[in-house]
Amino acid sequence: MCENLKNAIIAAGQEHLLRFIDELSPVEKAAYIEQLTAVDWQQIPSLAAEYVLKRPEVSIPDDLTPAQFFPLLAKDEAMSELYAKADAKGVELLRAGKVCCLTVAGGQGTRLGFDGPKGTYPIGPVSGRTLFEYFAGSISRASEKYGKTINWYIMTSPINREATEKYFETANFFGLPRESVFFFTQGTMPAFGLDGKLLMSGKGSLALSPDGHGGTLLALRKSGALDKMIADGNEYISYFQVDNPLVPVVDPRFIGLHALENSLMSAIMLSKTNPKEKLGNFCVSQGRTMIIEYSDLPDELAEKRNADGSLSFVAGSPAIHVISRSFVESLTSGGTLRLPWHRADKKIPYLDAAGELQQPSEPNGVKLESFIFDALPLAEKVMILEGDRAEVFAPTKNATGVDSAESCREMITARNARRLALGGVEIPRKADGTVDAVIEISPFMVLDDADAVALVAENGLKKLFAGEKVAL
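Below you will find a few notes about this structure. As the structure is a prediction and not an experimental result, all values here were calculated from the model.

## With respect to the nonpolar core
Turning to step 1, where the next piece is worked out: One finds W152, F168 and V250 to be the most contacted residues of the largest nonpolar core, which totals 56 residues.
Turning to step 2, where the next piece is worked out: Setting aside its immediate chain neighbours within four residues, W152 contacts C101, T103, F132, F135, A136, I139, F168, L176, S180, V181 and F182.
Turning to step 3, where the next piece is worked out: Within the second largest apolar cluster, 39 residues are counted, among which are L217, A219, Y239 and V382.

## A short note on the pairing of strand β10 (residues 236-241)
Turning to step 1, where the next piece is worked out: Most of β10 sits inside the fold, with six of its six residues counted as buried.
Turning to step 2, where the next piece is worked out: Side chains Y236, S238 and F240 project from β10 onto one buried face, and the interleaved I237, Y239 and Q241 project onto a second face that is buried too.
Turning to step 3, where the next piece is worked out: As defined by bridge partners, strand β2 (residues 99-104) adjoins β10 across six bridges and the pair is classed as parallel. Bridge pairing in β10 links V104 to Q241.

## Focus on the pattern of salt bridges
Turning to step 1, where the next piece is worked out: Applying the stated criterion across every chain yields a total of 24 salt bridges.
Turning to step 2, where the next piece is worked out: The salt bridge involving K145 is made with D451; its shortest N-O contact spans 2.9 Å. With K145 in helix α5 (residues 131-146) and D451 in helix α14 (residues 449-459), this pair connects stretches of sequence that are 306 residues apart.
Turning to step 3, where the next piece is worked out: With its nearest N and O atoms 3.5 Å apart, the salt bridge here joins E261 to K381. Within this pair, whereas E261 is found in the loop between α9 (252-260) and β11 (265-271), its partner K381 is found in the loop between β19 (365-369) and β20 (382-386), the two being separated by 120 residues in sequence.
Turning to step 4, where the next piece is worked out: The partly exposed category is assigned to E261, whose relative accessible area is 22%.
Turning to step 5, where the next piece is worked out: Among the charged side chains, a network of salt bridges with common partners joins R141, E144, K145, D448 and D451.

## Brief notes about the packing of helix α7 (residues 216-223) against helix α8 (residues 225-232)
Turning to step 1, where the next piece is worked out: Between α7 and α8, the least distance of the axes is 4 Å, while the angle of their chain directions is 75 degrees. When the axis of α7 is compared with that of α8, the two are roughly perpendicular. For the pair formed by α7 and α8, the contact residues are L220, R221 and S223 on the first element and A225, L226 and M229 on the second.
Turning to step 2, where the next piece is worked out: For the contact of α7 with α8, a count of residues per class yields four nonpolar, one polar and one charged.

## Let's talk about the packing of aromatic side chains
Turning to step 1, where the next piece is worked out: Tallied over the entire structure, the rule returns 15 aromatic pairs.
Turning to step 2, where the next piece is worked out: Centroid distance F168 to F174: 5.6 Å. Interplanar angle 85 degrees. Geometry classified as edge-to-face. Neither F168 nor F174 differs from the other in exposure class; each is buried.
Turning to step 3, where the next piece is worked out: Ring-pair connections join several aromatic residues into one group, and the members of that group are F132, W152, Y167, F168, F173, F174 and F183.
Turning to step 4, where the next piece is worked out: R129 extends its terminal NZ or CZ atom over the ring of Y134, reaching a point 5.8 Å from the ring centre.

## Side note on the side chain of S180
Turning to step 1, where the next piece is worked out: Among the secondary structure elements, S180 is positioned in the loop between α6 (161-170) and β4 (181-185).
Turning to step 2, where the next piece is worked out: On the basis of relative accessibility, which here comes to 3%, the residue S180 falls in the buried class.
Turning to step 3, where the next piece is worked out: Of note is the side chain of S180, whose polar atom sits 2.6 Å from the backbone oxygen of P177.
Turning to step 4, where the next piece is worked out: Excluding residues within four positions of it along the chain, S180 makes contact with T149, I150, N151 and W152.

## Thoughts on empty space enclosed by the protein
To find leftover empty space, one rolls a probe the size of a water molecule over the atoms.
Turning to step 1, where the next piece is worked out: Across all of its chains, the model carries one cavity of 30 Å³ or more by this definition.
Turning to step 2, where the next piece is worked out: By volume, the largest cavity amounts to about 30 Å³.
Turning to step 3, where the next piece is worked out: Around the largest cavity, the lining residues are P248, D251, F254, I268, I320 and V392.
Turning to step 4, where the next piece is worked out: For the lining of the largest cavity, the residue count by class is five nonpolar, no polar and one charged.

## Some thoughts on helix α3 (residues 44-52)
Turning to step 1, where the next piece is worked out: Residues I44, L47, A48, Y51 and V52 constitute the buried set of α3. Relative to the axis of α3, the buried residues are bounded by an arc of 105 degrees and lie together on one face.
Turning to step 2, where the next piece is worked out: Summarising the contacts, the buried residues of α3 are in contact with β5 (188-190), β6 (192-193), β16 (342-346) and β19.

## Topic: the environment of I372
Turning to step 1, where the next piece is worked out: Structurally, I372 can be placed in the loop between β19 and β20.
Turning to step 2, where the next piece is worked out: Taking the C-alpha atoms as reference points, I372 and L301, separated by 71 residues in sequence, lie 24 Å from one another.

## Describing unusual backbone geometry
Turning to step 1, where the next piece is worked out: Here F173, not a glycine, exhibits a phi torsion of approximately 55 degrees, which is positive.
Turning to step 2, where the next piece is worked out: As for its placement among the helices and strands, F173 is situated in the loop between α6 and β4.
Turning to step 3, where the next piece is worked out: When its relative accessible area of 5% is taken as the criterion, F173 is described as buried.
Turning to step 4, where the next piece is worked out: At D403, a position not held by glycine, the phi torsion is positive, near 50 degrees.
Turning to step 5, where the next piece is worked out: Structurally, D403 is set in the loop between α12 (389-392) and α13 (405-422).

Calculation notes
- Residues numbered from 1 in each chain as written.
- Predicted model: local features only at pLDDT ≥ 70, side-chain atom pairs only at ≥ 80, totals over all residues.
- Heavy atoms only, no water.
- Core = buried A, V, L, I, M, F, W, Y, C linked by side-chain atoms within 4.5 Å.
- Buried < 20%, exposed > 50% of the residue type's maximum accessible area, 1.4 Å probe, protein only.
- Contact = heavy atoms within 4.5 Å.
- Helix = DSSP H or I, 4+ residues; strand = E, 2+ residues; numbered from the N terminus.
- Pairing = 2+ DSSP bridges.
- Salt bridge = Lys/Arg side-chain N within 4 Å of Asp/Glu carboxyl O.
- Axes fitted to C-alpha atoms, helices over the stretch in contact; angles between N-to-C directions.
- Parallel < 35°, antiparallel > 145°, perpendicular 65-115°, else oblique.
- Nonpolar A, V, L, I, M, F, W, Y, C, P; charged D, E, K, R; others polar.
- Phe/Tyr/Trp six-rings, centres within 6.5 Å; stacked < 30°, edge-to-face > 60°.
- Lys NZ or Arg CZ within 6 Å of the ring centre and 35° of its normal.
- Polar contact = N/O pair within 3.5 Å; in protein donor to acceptor, adjacent residues only side chain to side chain.
- 1 Å grid on protein atoms, 1.4 Å probe; cavity = no way out; pocket = protein on both sides within 12 Å on 5 of 7 lines; lining within 4 Å.
- Points joined across faces, edges and corners; volume = space filled by probe spheres on them.
- Arc of directions from axis to C-beta.

Here it is in structure tokens:
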């Protein structure tokens, strides 16, 4: 180990990390030194002081106001004309190959009771097709529809990178051109003990965890993904998370409005169902758009109402964005990106002073994560567009209950039923109005309503029957 690295570790107050280094084999020692070299040691003392030794306080600006947004439905003729122009612009950009997709897929399926990358979880209500297959199908159909291959960037974590790539290999990339799919790995952050000391997971390893989806932007640069985007002429990034199979992988209106409004980072908003719904709140302070987490927005603001009784802070974030590539370039130009960190207290296995691995029964440490929405205040211009919850948002976070695989499959069926009904298909319904069937439509065939209507016509479909399971 070079003296500079050793001195930096000691100066950061983390000399305990060197306790077992002489017990390591040459290979183990080299790997450990590589880990240690990747840490920003100058930053560690301030992170410990600000986020670990004291609990960060969330400060709510005095001038906080609700963010403005474009409504789902145009309010007047001028807005209708703008939306039509945006639709055309979005299609133009897609046909010109200016748009790529980015899926954040670093998570595991643990909360779903599933062993493997979350993207490989079977969510199809009839076929069991996976989350990744849903996105692959939609990207394939969009590429066909707009006559241009759409590149797909997939951010994995160190934990699931290998398994994710192997899954795509086995599936033959779902028929997508292999060169159009680019895997990259998000960064990591060392975990802290509650005393501000970094934790070790072994004699030659730090306790590391993914640095959050805010690390996506810097990982794009470090991985070479940004260079590929530049080389391929991709100027707009359609960003979405792996647990939402209803997301429109590319939305012409959203993309078009982003471009026409000269936005650097745009967002879809959903109208909150209640003041405390677990969605971040789009807000504005000093002319800058930001998200205040649902748990941090004071009750008096969360429950504030307009004259018509609607929520004032109604705009919630489902983490669907369009980001200009130029914005990512500028934010990461120095090879670094400083976003605020968010503290999470966790039970973290750690090596004790005797070199024994301990499994804590209570939270014993702090993991720091950055969130991509914290880039919003750094953008000179932000555009927000209202989305239709039933059409774009069915998160798969739990096995049952709210935001679950169960509710997601129901929403997939409900959207498919609505699309088939547009083509004139008679849909069986229960007394409460919900669909009395299970319906799945291949994303490789249907991207939008127009595709669904065409599919109905091609198949001569007239009616579904109660209790029927249909896969088209």
